[in-house]
Number of protein chains: 6
Amino acid sequence: MASVEMIEEEAATGRVKEVYEDIKESLGIDFVPNMYKTMARNPAYLEASWNKIRAVMNQTGKLDDLTKAIIALTVSTMNGCAYCINVYTDAVGKYGLDDDGLTEVAAVSDVFNGLNKFNTGLDVEMDEKPWYGCGGTGG
Amino acid sequence: MASVEMIEEEAATGRVKEVYEDIKESLGIDFVPNMYKTMARNPAYLEASWNKIRAVMNQTGKLDDLTKAIIALTVSTMNGCAYCINVYTDAVGKYGLDDDGLTEVAAVSDVFNGLNKFNTGLDVEMDEKPWYGCGGTGG
Amino acid sequence: MASVEMIEEEAATGRVKEVYEDIKESLGIDFVPNMYKTMARNPAYLEASWNKIRAVMNQTGKLDDLTKAIIALTVSTMNGCAYCINVYTDAVGKYGLDDDGLTEVAAVSDVFNGLNKFNTGLDVEMDEKPWYGCGGTGG
Amino acid sequence: MASVEMIEEEAATGRVKEVYEDIKESLGIDFVPNMYKTMARNPAYLEASWNKIRAVMNQTGKLDDLTKAIIALTVSTMNGCAYCINVYTDAVGKYGLDDDGLTEVAAVSDVFNGLNKFNTGLDVEMDEKPWYGCGGTGG
Amino acid sequence: MASVEMIEEEAATGRVKEVYEDIKESLGIDFVPNMYKTMARNPAYLEASWNKIRAVMNQTGKLDDLTKAIIALTVSTMNGCAYCINVYTDAVGKYGLDDDGLTEVAAVSDVFNGLNKFNTGLDVEMDEKPWYGCGGTGG
Amino acid sequence: MASVEMIEEEAATGRVKEVYEDIKESLGIDFVPNMYKTMARNPAYLEASWNKIRAVMNQTGKLDDLTKAIIALTVSTMNGCAYCINVYTDAVGKYGLDDDGLTEVAAVSDVFNGLNKFNTGLDVEMDEKPWYGCGGTGG
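Nothing here was measured: the structure is a model prediction, and the numbers come from that model.

Caption draft 1: Up close: the overall build of chain A. Within chain A, the regular secondary structure consists of six helices and zero strands. Start at the N end of chain A and walk to the C end: the helices and strands fall as α-α-α-α-α-α. Overall, chain A is about 60 × 30 × 30 Å in size when its C-alpha atoms are taken along their principal axes. Among the 139 residues that make up chain A, the fraction classed as buried is 60%. Taking as baseline every contact in chain A between residues at least 6 positions apart, the subset at least 24 positions apart corresponds to 45%. Accessible area of chain A: about 4900 Å², with a carbon and sulfur share of 46%.

Below, the structure is given as structure tokens:
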């Protein structure tokens, strides 16, 4: 059971109502997700969070939408946040990654989670020269 | 100080020596990284780890080399593994991401780490309909 | 399904029974929580855990009960422990924090989880002078 | 070594320069911390992050400044972020917590980290009735 | 709901089919676990993962089967992975650990999770001399 | 730099002094480790922590000393606590595990950290029947 009572759309007024409208229009959905309805208990926080999300996710930078969604999915997996894993599994699908691609993301995560803990556990010392990771395809 | 004594290149024989040669050739470097020289205390483990790393990183799949390196960097950041953060910061640079791109990866990570813990802490319930993440640029 | 069979109240004898009575009396409840009934498989561990919990939570120190409960809730959120999140969401409510306060705790957690990972991912170096955090209200 | 080159104060222009001035004035310090100088590689992100930090930390809500700083320190400890542990150890001191108080924060964290993992490892089932935490002092 | 469609046994061909047969024979079970059926979307990854698992778990080394299973359970608890906690709770039982033993594993985990965070939070400095842990029974 | 000033041995009195003596005698060392000298700022906490540590580590139960030390090392690795990794690397050595054994502990940790995150990321569903882990040697 959710810990706090959400501010439902019909109860929203003022800045909360405006942010709700902006969320629905920006994301192209006809409802306000529970995450935002929970944040809305603190209107200044809701607004600042939404603005930060947009500044990071909606600006044209070095990363395309799929890559950002993959980072979001990876972070959410690391934190074990079922809510965000669910949302971003849908998101990477929308941006074109199929089941094979999702499995590949999880495979890369598998490899490096393992290596990270090996290195931490045995306190492996940094190399004196860079080695640019565990290889690629040239692609 | 590293916890275990590594198998140095000049001491490597048999399968360990072969894997060391393959690592240097595949990665295009003239030394064996400490991580592999530590794994080499257990030759079967070294060989199986290297084969898995190659199966995941060197096959042509749905993700390009930069995207895989970004996942590796994100996972390593989540685990706080300084060794791998260092290696994969160099790697994403090699694959073309500059300082602005690195900052963008960290910014996306910032956003979702925050949201993950908000949702976990307040036990926010899953929405009944998918909403495909927090928006993008269309790019 | 729980992994181990708990020691139910009617089966408790000796030191376990005494600790059970103390737990109920100290916490003002008419049942022994599952956590303690699981610990009871190892009576010495149950007793030492309960004594440590009391030493930390029941002594008059620098922190009031609400602050300690907020720390407990924050730690439990970080670990993703649904059992303890649930217990300490109730606890902070008992100590006077309403839904707006709970949202505020989650908002502060959101901010610093994000900043932590930004700093770790980019290996931001410590400043030479202290700066005492990201500001306050003077309150 | 930091991963990306920071935007130093003398190189800041436009919105970055304005945010830098606001940070120094708001926090009452005569330098811009490295965290913000790193964020500044992405001006929109810097500005949105600073606005969110202020919305959460500078508004008068249910939690006082010390309590928010304790949450920040606890979160940073959980993430093992040395940079933020350092900043918020100084911050809780500024807000009045002495060495005994810092030890008390760490003691509460000790207790619940332990209990969290006990409950997760043995999959302890939620109790049917609330029990409001492990007790307090009435203070 | 699982994120990707698994490769069911009757749909497996070529290397996937061979690995499936090897898994069932090696583990002495009459079905392929969901973890492997999910990995099978990427046959090279499935095969390399299975080979690494066998290299680590099936070789005769310094650790017996129960000790390895206890490490697996401890790691899974730390990551909060319900799937693996479940599998390895069964596994340690198969290797002879009863409910009292499981509780003991969780008790040791409780102690060190607590101490870890105490030391990290207060940045306790390493001692100049080794002290070989918190004591034992001589057994 | 450590966050709080420790209670040095020559400054210890009363219960703190008694616990210090007990620690040195029980562990067979001629100094009090920094962890305990930090805890000593809160004497009731020091005493209760030491009693819990002894109840868990010094009782004869189902696990031998080496197995408990391996759990302690694994937990400390997962938390990235350099202080405890250091202490317990020495401890497992004292209990007989050599460099090959340490590497084996890290290899098992590598495998399951990887698998944990694969299963969490793809939300792999529990199997209907138990399968007792990824195999062993029969030893």
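Caption draft 2: Quick peek at the interface of chain A and chain D. With ten residues of chain A at the interface, the matching set in chain D holds ten residues. Both sides together, the interface formed by chain A and chain D hides about 760 Å², and carbon and sulfur atoms give 66% of it. Among the residues of chain A in contact with chain D, A:Ala48, A:Lys52 and A:Gln59 are the three that bury the most area, contributing 51% of the side total. At the surface where chain A touches chain D, the tally comes to zero salt bridges.

Caption draft 3: Structural context of the interface of chain A and chain B. With 85 residues of chain A in contact, the opposing surface of chain B contributes 85 residues. Here chain A meets chain B over a buried area of about 8200 Å², counting both sides, of which 66% is carbon and sulfur. Contact with chain B buries area across many residues of chain A, yet A:Glu104, A:Trp131 and A:Tyr132 alone supply 9% of it, more than any other trio. Along the contact surface separating chain A from chain B lie eight salt bridges. The tally of links between chain A and chain B comes to 32 residue pairs in polar contact (both at pLDDT 80 or more). Among the secondary structure elements, those contributing two or more residues to the side of chain A that touches chain B are helix 2 (34-39), helix 3 (43-57), helix 4 (65-79), helix 5 (82-94) and helix 6 (99-121) of chain A. Among the elements that make up the side of chain A that touches chain B, the one with the highest residue count is helix 6 of chain A (18 residues). Residues of the side of chain A that touches chain B, tallied by class, amount to 43 nonpolar, 25 polar and 17 charged.

Caption draft 4: Spatial organisation of the packing of helix 4 of chain A against helix 5 of chain A. Residue and element names in this part refer to chain A. Two numbers describe how helix 4 lies on helix 5: the axes approach to 9 Å, and their chain directions differ by 155 degrees. Classified by the interaxial angle, the pair formed by helix 4 and helix 5 is roughly antiparallel. When you trace helix 4 past helix 5, the crossing you get is left-handed. Contacts between helix 4 and helix 5 pair Leu 66, Ala 69, Ile 70, Ala 72, Leu 73, Ser 76 and Thr 77 from the former with Cys 84, Ile 85, Tyr 88, Thr 89, Ala 91 and Val 92 from the latter. Of the residues in the contact of helix 4 with helix 5, the class split is ten nonpolar, three polar and no charged.

Caption draft 5: Local environment of the packing of helix 3 (residues 43-57) of chain B against helix 3 (residues 43-57) of chain E. In contact at an axis separation of 9 Å, helix 3 of chain B and helix 3 of chain E are set at 165 degrees when each is read in the N-to-C sense. By the angle between their directions, the pair helix 3 of chain B and helix 3 of chain E is classed as roughly antiparallel. The interaxial crossing formed by helix 3 of chain B with helix 3 of chain E has left-handed handedness. Between helix 3 of chain B and helix 3 of chain E, the residues in contact are B:Ala44, B:Tyr45, B:Ala48, B:Ser49, B:Asn51, B:Lys52, B:Ala55 and B:Val56 and E:Ala44, E:Tyr45, E:Ala48, E:Ser49, E:Asn51, E:Lys52, E:Ala55 and E:Val56, respectively. Among the residues making up the contact of helix 3 of chain B with helix 3 of chain E, the classes are represented as ten nonpolar, four polar and two charged.

Caption draft 6: Main features of the environment of A:Gly136. Within the fold, A:Gly136 resides in the segment after helix 6. Residue A:Gly136 is classed as partly exposed on the basis of its relative accessible area of 27%. Sequence-distant contacts of A:Gly136, defined by excluding residues within four places in its chain, comprise B:Met57, B:Asn58, B:Asp65 and B:Tyr95.

Caption draft 7: Representation of the relation of the copies chain A and chain B. Of the transformation superimposing chain A on chain B, the axial component is 0.0 Å and the angular component is 180 degrees, with the fit at an RMSD of 0.0 Å. Put plainly, the chains are arranged around a two-fold axis. A symmetric contact is evident, with 100% of the interface residues of chain A recurring at the interface of chain B.

Caption draft 8: View of helix 1 (residues 14-27) of chain F. Residues and elements named next belong to chain F. The first and last C-alpha atoms of helix 1 sit 20 Å apart over 14 residues, in line with the 20 Å expected at 1.5 Å per residue. Looking at helix 1, one finds that the buried residues are Val 16, Val 19, Tyr 20, Ile 23, Lys 24 and Leu 27. Buried residues of helix 1 fall within an arc of 135 degrees about the axis and therefore sit on the same side. Turning to helix 1, the residues buried within the fold contact helix 2 (34-39) and helix 3 (43-57). Gly 28 sits one or two residues past helix 1 and shows a positive phi near 65 degrees.

Caption draft 9: A look at the side chain of D:Lys117. For D:Lys117, the location among the structural elements is in helix 6 (residues 99-121). Of the buried charged residues, D:Lys117 lacks a salt bridge, with E:Asp110 as the closest side chain of opposite charge at 12 Å. Excluding anything up to four places from it in sequence, D:Lys117 contacts C:Asn79, E:Thr77, E:Met78, E:Ser109 and E:Asn113.

Caption draft 10: Structural view of the relation of the copies chain A and chain D. When chain A is brought onto chain D, the operation consists of a screw motion whose angular component is 180 degrees and whose axial shift is 0.0 Å, with 0.0 Å RMSD remaining. Most of the interface of chain A is mirrored in chain D: 100% of its interface residues are interface residues there too.

Caption draft 11: Here's a closer look at the packing of aromatic side chains. Per the stated rule, a full pass over the model turns up 30 aromatic pairs over all chains. Summarising the aromatic geometry, the rings of A:Phe112 and B:Tyr88 are spaced 4.9 Å apart at their centres and angled 75 degrees between planes, so their arrangement reads as edge-to-face. With A:Phe112 in helix 6 and B:Tyr88 in helix 5 (residues 82-94), this residue pair bridges two chains. Plain terms: the ring middles of C:Tyr83 and D:Trp131 are 6.4 Å apart, the flat faces sit at 55 degrees to each other, and that makes the pair tilted. Here the residue C:Tyr83 occupies a position in helix 5 (residues 82-94), and D:Trp131 occupies one in the segment after helix 6, the pair thus bridging two chains. For C:Tyr83, a relative accessible area of 5% gives the class buried. You can call D:Trp131 buried: its relative accessible area is 3%. Grouped by ring-pair contacts, the aromatic residues A:Tyr36, A:Trp50, A:Tyr83 and B:Trp131 constitute a single cluster.

Caption draft 12: How the structure looks around the pattern of salt bridges. Residues and elements named next belong to chain A. Evaluation of the coordinates by the stated rule reveals 71 salt bridges over all chains. Note that Arg 54 is salt-bridged to Asp 22, the shortest N-O span being 2.7 Å. With a gap of 32 residues between them, Arg 54 in helix 3 and Asp 22 in helix 1 (residues 14-27) connect regions that are remote in the sequence. For Arg 54, a relative accessible area of 30% corresponds to the partly exposed category. A relative accessible area of 24% places Asp 22 in the partly exposed class. Among the charged side chains, a salt-bridge network with shared partners connects Glu 9, Glu 21 and Lys 24.

Caption draft 13: Spatial organisation of the nonpolar core. By size, the foremost hydrophobic cluster in this structure holds 300 residues, and its most contacted members are A:Tyr36, B:Tyr36, C:Tyr36, D:Tyr36, E:Tyr36 and F:Tyr36. When sequence neighbours within four positions are dropped, the list of residues in contact with C:Tyr36 reads C:Tyr20, C:Ile23, C:Leu46, C:Trp50, C:Ile53, D:Trp131 and D:Cys134.

Caption draft 14: View of the environment of E:Leu73. Residues and elements named next belong to chain E. Looking at where Leu 73 falls in the secondary structure, it is placed in helix 4 (residues 65-79). According to the relative accessible area criterion, Leu 73 is buried, its value standing at 4%. Those residues in contact with Leu 73 that sit more than four places away from it in its chain are Ile 85, Tyr 88, Thr 89, Val 92 and Leu 102.

Caption draft 15: Seen up close, the layout of surface pockets. Empty space within the second largest pocket amounts to approximately 150 Å³. Every residue lining the second largest pocket is listed: A:Lys62, A:Leu63, A:Asp64, A:Leu66, A:Thr67, A:Ile70, B:Lys62, B:Leu63, B:Asp64, B:Leu66, B:Thr67 and B:Ile70. Counting residues per element, the ones that place at least two in the lining of the second largest pocket are helix 4 of chain A together with helix 4 (65-79) of chain B. Here the lining of the second largest pocket is composed, by residue class, of six nonpolar, two polar and four charged.

Cut-offs used in this document
- Residues numbered from 1 in each chain as written.
- Chains lettered and ligands numbered in written order.
- Predicted model: local features only at pLDDT ≥ 70, side-chain atom pairs only at ≥ 80, totals over all residues.
- Heavy atoms only, no water.
- Helix = DSSP H or I, 4+ residues; strand = E, 2+ residues; numbered from the N terminus.
- Buried < 20%, exposed > 50% of the residue type's maximum accessible area, 1.4 Å probe, protein only.
- Contact = heavy atoms within 4.5 Å.
- Areas by Shrake-Rupley, 256 points an atom, 1.4 Å probe, with all protein chains shown as cover.
- Buried area = accessible area lost by both parts, 1.4 Å probe.
- Salt bridge = Lys/Arg side-chain N within 4 Å of Asp/Glu carboxyl O.
- Polar contact = N/O pair within 3.5 Å; in protein donor to acceptor, adjacent residues only side chain to side chain.
- Nonpolar A, V, L, I, M, F, W, Y, C, P; charged D, E, K, R; others polar.
- Axes fitted to C-alpha atoms, helices over the stretch in contact; angles between N-to-C directions.
- Parallel < 35°, antiparallel > 145°, perpendicular 65-115°, else oblique.
- Left-handed = near helix turned anticlockwise from the far one by under 90°.
- Least-squares fit on C-alpha atoms with pLDDT ≥ 70 in both.
- Expected span 1.5 Å × (residues − 1).
- Arc of directions from axis to C-beta.
- Lys, Arg positive; Asp, Glu negative; His and termini not counted.
- Phe/Tyr/Trp six-rings, centres within 6.5 Å; stacked < 30°, edge-to-face > 60°.
- Core = buried A, V, L, I, M, F, W, Y, C linked by side-chain atoms within 4.5 Å.
- 1 Å grid on protein atoms, 1.4 Å probe; cavity = no way out; pocket = protein on both sides within 12 Å on 5 of 7 lines; lining within 4 Å.
- Points joined across faces, edges and corners; volume = space filled by probe spheres on them.

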